[in-house]
Amino acid sequence: MLNGGDLRKPVRLVVLSGLSGSGKSTAIRALEDIGFFCIDNLPVVLLPKLVELFPQSSEEIEQIAMVVDAREGQFLQSFQETMDGLRATGSRVEMMFLDCSDSILVRRYSETRRRHPLAQGGSVEDGIKKERLILERLKIAADLVIDTSGLNPHQLRELIQEHFTKVHPGQAMSVTLVSFGFKYGIPPQADLVFDARFLPNPYFVQTLRDQDGRSKPVAEYVLQHDEAKMFLRQVSKFVKTFKPLYDREGKSYLTVAVGCTGGRHRSVAIVEKLSRTIEGTSVKHRDIDRA
């Protein structure tokens, strides 16, 4: 029970899970480096007590990151109930799951010569299959799923730190607009993805090919078309309508990705225009410098 006048700060809790070999060690170190108090493999049932104790700490710990994986065993059965209980107390709870293709996981285990923790004398493939079944409900419950198959440790670290940079409870949700090229894959951090490939492509206009969507000639070429204007209206309306609902659910960030073929012309022009129509957004052009 709280004493009269004892106002505790809501704790921000990031729960990290994922397949063995998907990069959880890199992820938890990345969170630690941006100020999270990190814990590996605390039983899920003890989480509410942990969150209750931290606001009383003289160190004023406001951000906790915890790894939950297949080692939890039977404790995973109470996972969703525990998460719901924590959210009911006002804590900002975010769940991140690291996924990876089977072939990449097998290669990583081969390169490191490690044994899969669930193989139990069988093959690495057997261990991966068993672990996927155990962690299936955690992946479904995750707010953010990152496929690390095509990411190196540096890229994963950068991605995580970009998304979990400290946000104080009560602070407005951060919205990032990202342009990208579908030929290089969808950004793994994207919450919403919009496809601009139906728009006329400046790449096929010789005088525009070597410029990007930030230049006035390319932007004018892309945005002059009626379909581009309609696309902008609909995307802007969608984000403005549902942003408060995401915010209400406790999301600290929302990543809206707009893609075209190469990520240099159409998606860049669209994102630049959206940033001027949707307040409080930051912009990232992921593939603008690719050949």
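Counting restarts for each chain, with residues numbered from 1 along the sequence as it is written. Local features in this predicted model are restricted to residues of pLDDT 70 or higher, and side-chain atom pairs are both shown and tallied only at a pLDDT of 80 or more, whereas totals for entire chains, interfaces and linings draw on every residue. Side-chain metrics rest on all non-hydrogen atoms present in the structure, leaving aside hydrogens and water.

K.L.:
So what about a nonpolar patch on the surface? Which residues, and what values?
P.N.:
Patch membership needs two things, relative accessible area over 30% and no salt bridge, and members are linked within 9 Å if like-charged or within 5 Å if nonpolar (Val, Leu, Ile, Met, Phe, Trp, Tyr). Every accessible area reported is derived by Shrake-Rupley at a probe size of 1.4 Å, with residue values counting cover from the shown protein chains alone. Salt bridge, as applied in this entry: a Lys or Arg side-chain nitrogen positioned within 4 Å of an Asp or Glu carboxyl oxygen. A cluster of nonpolar side chains, Phe238, Phe242 and Leu245, forms an exposed patch at the surface whose accessible area comes to about 230 Å². A run of H or I in DSSP becomes a helix once it reaches four residues, and a run of E becomes a strand once it reaches two; helices and strands are each numbered from the N terminus. By the secondary structure assignment, phenylalanine 238 is in helix α8 (residues 226–248). Only protein chains enter the accessibility calculation, which uses a 1.4 Å probe; a residue is then buried when its area is under 20% of its type maximum, exposed when over 50%, and partly exposed in between. Phenylalanine 238 sits in the partly exposed class, given a relative accessible area of 32%.

K.L.:
Account for the packing of helix α7 (residues 216–223) against helix α9 (residues 266–277), naming residues and giving values.
P.N.:
Between the N-to-C directions of two axes lies an angle of 0 to 180 degrees, each axis being a line fitted to C-alpha atoms and, for a helix, fitted only over the stretch in contact. At a minimum axis distance of 9 Å, the contact between α7 and α9 shows a crossing angle of 90°. When the axes of α7 and α9 are compared, the pair comes out roughly perpendicular. In this structure, α7 contributes Ala219, Val222 and Leu223 to the contact, and α9 contributes Arg266, Ala269, Ile270 and Lys273. Under this scheme an angle from 65 to 115 degrees is roughly perpendicular, one under 35 degrees roughly parallel, and one over 145 degrees roughly antiparallel; angles in between are oblique. It only takes one pair of heavy atoms within 4.5 Å for two residues to be counted as in contact.

K.L.:
Just give me the short version of the environment of aspartate 287, but keep the residues and values in it.
P.N.:
When you line up the elements, aspartate 287 lands in the segment after β9 (281–285). Separated by 19 residues in sequence, aspartate 287 and valine 268 place their C-alpha atoms 9.3 Å apart. In contact with aspartate 287, other than residues within four places in its own chain, are Ser179, Phe180, Gly181, Tyr184, Gly262, Gly263 and Arg264. Identification of polar contacts relies on pairs of N or O atoms within 3.5 Å, with a donor-acceptor requirement for protein atoms, meaning one able to donate a hydrogen and the other able to accept it, and with residues adjacent in sequence counted only if both atoms are side-chain atoms. At 2.7 Å, the side chain of aspartate 287 forms a polar contact with the backbone nitrogen of glycine 181.

K.L.:
Talk me through the layout of surface pockets; I want residue IDs and the actual numbers.
P.N.:
Grid spacing is 1 Å over the protein atoms alone, the probe is 1.4 Å, and a cavity is where that probe fits but cannot get out, while a pocket is an open set with protein on both sides within 12 Å along at least five of seven lines and lining residues have an atom within 4 Å of a point. Grid points are joined across faces, edges and corners, and a volume is the space filled by probe spheres set on the points. Computed from the structure, the largest pocket encloses a volume of approximately 640 Å³. Lining of the largest pocket is provided by 30 residues; of these, Gly21, Ser22, Gly23, Lys24 and Ser25 occupy positions nearest its centre. Among the elements of the structure, α1 (24–33), β2 (37–40), α4 (102–112) and α6 (153–163) are those that each provide at least two residues to the lining of the largest pocket. Top contributing element to the lining of the largest pocket by residue count: α4, with 5 residues. Each residue is assigned to one class: nonpolar for Ala, Val, Leu, Ile, Met, Phe, Trp, Tyr, Cys and Pro, charged for Asp, Glu, Lys and Arg, and polar for all the others, Gly among them. Taken together, the residues of the lining of the largest pocket break down into 11 nonpolar, 10 polar and 9 charged. Taken as a whole, the second largest pocket holds about 460 Å³ of empty space. Forming the boundary of the second largest pocket are 15 residues, of which Leu151, Gln155, Pro188, Arg286 and Arg290 lie nearest the centre. Per element, the largest residue contribution to the lining of the second largest pocket is 4 residues, and it comes from α6.

K.L.:
Pulling in residues and values, what's your account of the sheet that holds strand β8 (residues 253–260)?
P.N.:
One requirement defines pairing of two strands: DSSP has to find at least two bridges between them. The 4 strands are arranged β7-β8-β6-β9 in an open sheet whose pairing can be described as parallel. Edge positions in the open sheet fall to β7 (192–195) and β9, since each of these has one partner strand only. Across this sheet, the average inter-strand angle for adjacent strands is 20°, counted without regard to direction. Lying on the sheet, α8 is in contact with β6 (174–181), β7 and β8; it crosses β7 at an angle near 175°. Its contacts with the sheet put α9 on β6, β8 and β9, and the angle it makes with β6 is roughly 165°.

K.L.:
An account of the confidence of the model for the protein is requested, with residue identities and associated values reported.
P.N.:
Predictor confidence is given residue by residue as pLDDT, running from a minimum of 0 to a maximum of 100. Looking at the protein, pLDDT values average 84 and 87% of them are 70 or higher. Averaged over each element, pLDDT in the protein is lowest for helix α2 (residues 47–53) (73) and highest for α7 (97). Within the model, pLDDT remains below 50 along residues 1–7, and this stretch shows 1 contact once partners closer than five positions in the same chain are excluded.

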